[in-house]
Amino acid sequence: MRSTTGKVRVLVVDDEPFNLEIIAEYLDADNFELTMARDGVQAWELLEDTTQVFDLLVLDRMMPRLDGMDVLRRIGRTPRLSGLPVIMQTAAATPDQVREGLEAGARYYLTKPYEPDALLAIIGSALEESRRKNEFELQVDGLRQAMCALLHGDFEFATLAQATQLASLASLAAPR
């Protein structure tokens, strides 16, 4: 969900002020509205605030008090936040660390140091994936509502493929 200004709302979390400055410089564009958090505790407070809605989270993995992995786990347990695209940016880049981050809920894993173009490309991919997912969910919800509105229906089909499509559509309305 974009802000009322039409900008992409990005929460950037890093315990190093210099890293926050670098990311702010990389994303210094008219289409981003940045909110900065200095650690996972501050980030979680912002994420829990239902008046704050973010389109994307750029999250450092290693931080004091509450690290990025714990923030990811909390996001995964919070239905309102579970669809939030997360880009984990970190120096922790062993295969096990990358796997752990992705399994915890990060959609993208960016290792430091990185170039501005890499960050922008990953942000673009994350936002496009999120947009497509939201559109798909709206379409499915619309079909489900339409099918639920049918109390009685007579259907005709001529091919096995049409019967399969009808069965798939009917299963959305009556999953049991």
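The model shown is predicted, which means the values in this text are computed figures rather than measured ones.

Concerning the pattern of salt bridges
Part 1: Tallying each qualifying case throughout the model produces 14 salt bridges.
Part 2: Here Asp-14 and Lys-112 are joined by a salt bridge, their closest N and O atoms 3.0 Å apart. Of this pair, Asp-14 sits in the loop between strand 1 (8-13) and helix 1 (17-26) while Lys-112 sits in the loop between strand 5 (108-111) and helix 5 (116-149), and the two are 98 residues apart along the sequence.
Part 3: For Lys-112, a relative accessible area of 25% translates into the label partly exposed.
Part 4: Between Asp-39 and Arg-65 there is a salt bridge; the shortest N-O distance is 2.8 Å. Placement of the pair is Asp-39 in the loop between strand 2 (32-37) and helix 2 (40-48) and Arg-65 in the loop between strand 3 (56-60) and helix 3 (68-76), with a sequence separation of 26 residues.
Part 5: According to the relative accessible area criterion, Asp-39 is buried, its value standing at 10%.

So, the sheet that holds strand 5
Part 1: Strand order across the open sheet formed by 5 strands is 2-1-3-4-5, with parallel pairing between neighbours. This sheet does not close on itself; its edge strands, each paired only once, are strand 2 and strand 5. For this sheet the average axis-to-axis angle between neighbouring strands, irrespective of direction, equals 20°.
Part 2: Of the strand pairs in this sheet, strand 1 and strand 3 are connected by 4 bridges, and their pairing is parallel. Counted as the bridge partner of Val-13 is Leu-59 from strand 3.
Part 3: Contacting strand 1, strand 2, strand 3 and strand 4 (86-90), helix 1 crosses the sheet at an angle of about 175° to strand 2.

Here's the deal with helix 2
Part 1: Within helix 2, the full set of buried residues consists of Gly-40, Ala-43, Trp-44, Leu-46 and Leu-47. On an axial view of helix 2, the arc spanned by its buried residues comes to 160°, and they lie on one face.
Part 2: The secondary structure elements touched by the buried residues of helix 2 are strand 1, strand 2, strand 3 and helix 3.
Part 3: For helix 2, the N-terminal capping position is held by Asp-39, with its side-chain oxygen 3.0 Å away from the main-chain nitrogen of Val-41.

Side note on the confidence of the model for the chain
Part 1: Overall, the predicted model of the chain reaches an average pLDDT of 85, with 90% of residues at or above 70.
Part 2: When pLDDT is averaged over each helix and strand of the chain, the minimum, 82, is found for helix 6 (residues 160-173) and the maximum, 96, for helix 2.

Points about the environment of Tyr-26
Part 1: Take Tyr-26: it is sitting in helix 1.
Part 2: C-alpha of Tyr-26 to C-alpha of Leu-102: the two residues are 76 residues apart in sequence and 24 Å apart in space.
Part 3: Within the structure, the side chain of Tyr-26 is placed 3.4 Å from the backbone oxygen of Tyr-114, a separation counted as a polar contact.

Description of helix 3
Part 1: Those residues of helix 3 not exposed but buried are Gly-68, Met-69, Val-71, Leu-72 and Ile-75. When helix 3 is viewed along its axis, its buried side chains cluster within an angular range of 160° and face the same direction.
Part 2: In this structure, the buried residues of helix 3 make contact with helix 2, strand 3, strand 4 and helix 4 (95-104).
Part 3: Of the residues that open helix 3, the one with a side-chain oxygen 3.2 Å from the backbone nitrogen of Met-69 is Asp-67.

How each quantity is defined
- Residues numbered from 1 in each chain as written.
- Predicted model: local features only at pLDDT ≥ 70, side-chain atom pairs only at ≥ 80, totals over all residues.
- Heavy atoms only, no water.
- Salt bridge = Lys/Arg side-chain N within 4 Å of Asp/Glu carboxyl O.
- Helix = DSSP H or I, 4+ residues; strand = E, 2+ residues; numbered from the N terminus.
- Buried < 20%, exposed > 50% of the residue type's maximum accessible area, 1.4 Å probe, protein only.
- Pairing = 2+ DSSP bridges.
- Axes fitted to C-alpha atoms, helices over the stretch in contact; angles between N-to-C directions.
- Contact = heavy atoms within 4.5 Å.
- Arc of directions from axis to C-beta.
- Polar contact = N/O pair within 3.5 Å; in protein donor to acceptor, adjacent residues only side chain to side chain.
- pLDDT = per-residue confidence, 0-100.

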